[in-house]
Each structure stands twice: as C-alpha cells, then as structure tokens.
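# Summary of structural features
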Amino acid sequence: EAQVTQNPRYLITVTGKKLTVTCSQNMNHEYMSWYRQDPGLGLRQIYYSMNVEVTDKGDVPEGYKVSRKEKRNFPLILESPSPNQTSLYFCASSPHGQGSYEQYFGPGTRLTVT
Amino acid sequence: AQKVTQAQTEISVVEKEDVTLDCVYETRDTTYYLFWYKQPPSGELVFLIRRNSFDEQNEISGRYSWNFQKSTSSFNFTITASQVVDSAVYFCALSEDERGSSASKIIFGSGTRLSIRP
C-alpha cells in the first residue's frame, strides 16, 4: 500500500531531551516535507527536501534539523526541544522534486514537550 | 512574499445547504500552484485539487466545485448540497514555481472549520 509513515504517533518528552521523529514513504517520491499544525495557524512548513542530500528551510525552521540520506526517509530532529514545539507534526511527500504537485501526508505525530 | 488567507475561521450550515469557502492568495510569481486539502475529524490530510496559474477554468467534481480568479487572487471552494460527511477543516495552499526565488516552499492558509448540521 502506498503510504507515508511516521513514528512515533504520540510522544511526551521533557525540555532539552533530544528526539527524532521518523518519516518514510514507499512511493519513490523525490519531494518530502515537514509541517507543524497549531490551532489558528494552519500548517506551517518546517523544512523540505527536493531530493537526496537537498534540503531547505520552510517558514519555521528554528529549533529543528532534518537530513535526507536516502530517498525514502526524512527524519525530523529536535536537538533540544522546548515547550513551544508542542504541536502536531505532519510529514508529506510528493512526486518529482517540486512542491507543485499534490502531497501525500503521514498520519501525524502529536508531540508534547513539558 | 507568499501569503494565503482564509478569512472564514468557522462556518456552520444545515445539511443540503450550499457553502463556499474563500481563499485569497498573494504571490509575486507568474507561475504558481494552488491546492485544497481536507482534514476530517479523524485527522488525516487529504488532497482535493491542484490548479496551476495558467489554468483559470473552473472545476467541478461531483458536489465540489472550484472557482479560480486571477483578477481577484482567489481560489474559492463550493460544496453544493452539503452533507454531514463534509464536516472537516479545509486548507488552501500555494506553491511557487521551483525556479522562482521561493523554490518549492509551500504556504498553507490557517484553515476553515466547516460544520454541517443534520
């Protein structure tokens, strides 16, 4: 089944404890992206990648890191999480190396930082 | 800079009514792409439509229709004869051509929560 998977789906952590949210897609898509969703703000793009080893900042990259060593995986790293990073996170992928095609979203990861 | 405005935060209508969700965008590029996504109460995000800036034809898909007007920078979404299953948050989004300065960054609006009452 074509899909985007994220792990974990739910995570409660403490301030400063490094964490990684994994994202994987099995559709051979070139474009991948991370978003956070907050009430009243919609989805805001954190980072995106147009292909392996090509990543770029979205609108809200502060406090996050990403890597794209393989086409299928695009992990989101929070080196020192803070409470303002409590949010619902979505990973997405899209065919071709552009953001101009429809995106396929993962199920979301709800992160709480205390 | 890119911007997407969905001024309607929440809309509530009675089943079978028609409802229009507004989306106004800002971009300096001549080549761009507009999208609508649906987020039902279960939380997943579902793609509905993609439109490029050179195609101003309106689109109809069943009870859904989209009106793209470059003159007013709007890409509105109408649901005809609404049903309870249409209850969801709907997001409009904008992406500029990857050759533009914003590369493949994607901007979403803040969403419109649509409630359809039986």
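Our structure is the block above this text.
The model shown is predicted, which means the values in this text are computed figures rather than measured ones.

This part takes up the interface of chain B and chain A. Of the residues lining the interface, 20 residues belong to chain B; the matching set on chain A comes to 22 residues. In total, about 1800 Å² of surface goes out of reach between chain B and chain A, with carbon and sulfur atoms giving 57% of it. For the chain B face of the interface with chain A, the top three residues by lost area are L45, I106 and F108 of chain B, together amounting to 29%. Counting across the interface, chain B meets chain A through one salt bridge. For D59 of chain A, the salt bridge goes to K105 of chain B, with nearest N and O atoms at 3.6 Å. For the pair chain B and chain A, the number of links is three residue pairs in polar contact (both at pLDDT 80 or more). Of all the secondary structure elements, the ones that give two or more residues to the side of chain B that touches chain A are β5 (32-39), β6 (46-52), β10 (88-96) and β11 (106-108) of chain B. In terms of residue count, β5 of chain B provides more of the side of chain B that touches chain A than any other element does, four residues in total. For the side of chain B that touches chain A, the residue count by class is ten nonpolar, seven polar and three charged.

What counts and how
- Residues numbered from 1 in each chain as written.
- Chains lettered and ligands numbered in written order.
- Predicted model: local features only at pLDDT ≥ 70, side-chain atom pairs only at ≥ 80, totals over all residues.
- Heavy atoms only, no water.
- Contact = heavy atoms within 4.5 Å.
- Buried area = accessible area lost by both parts, 1.4 Å probe.
- Salt bridge = Lys/Arg side-chain N within 4 Å of Asp/Glu carboxyl O.
- Polar contact = N/O pair within 3.5 Å; in protein donor to acceptor, adjacent residues only side chain to side chain.
- Helix = DSSP H or I, 4+ residues; strand = E, 2+ residues; numbered from the N terminus.
- Nonpolar A, V, L, I, M, F, W, Y, C, P; charged D, E, K, R; others polar.

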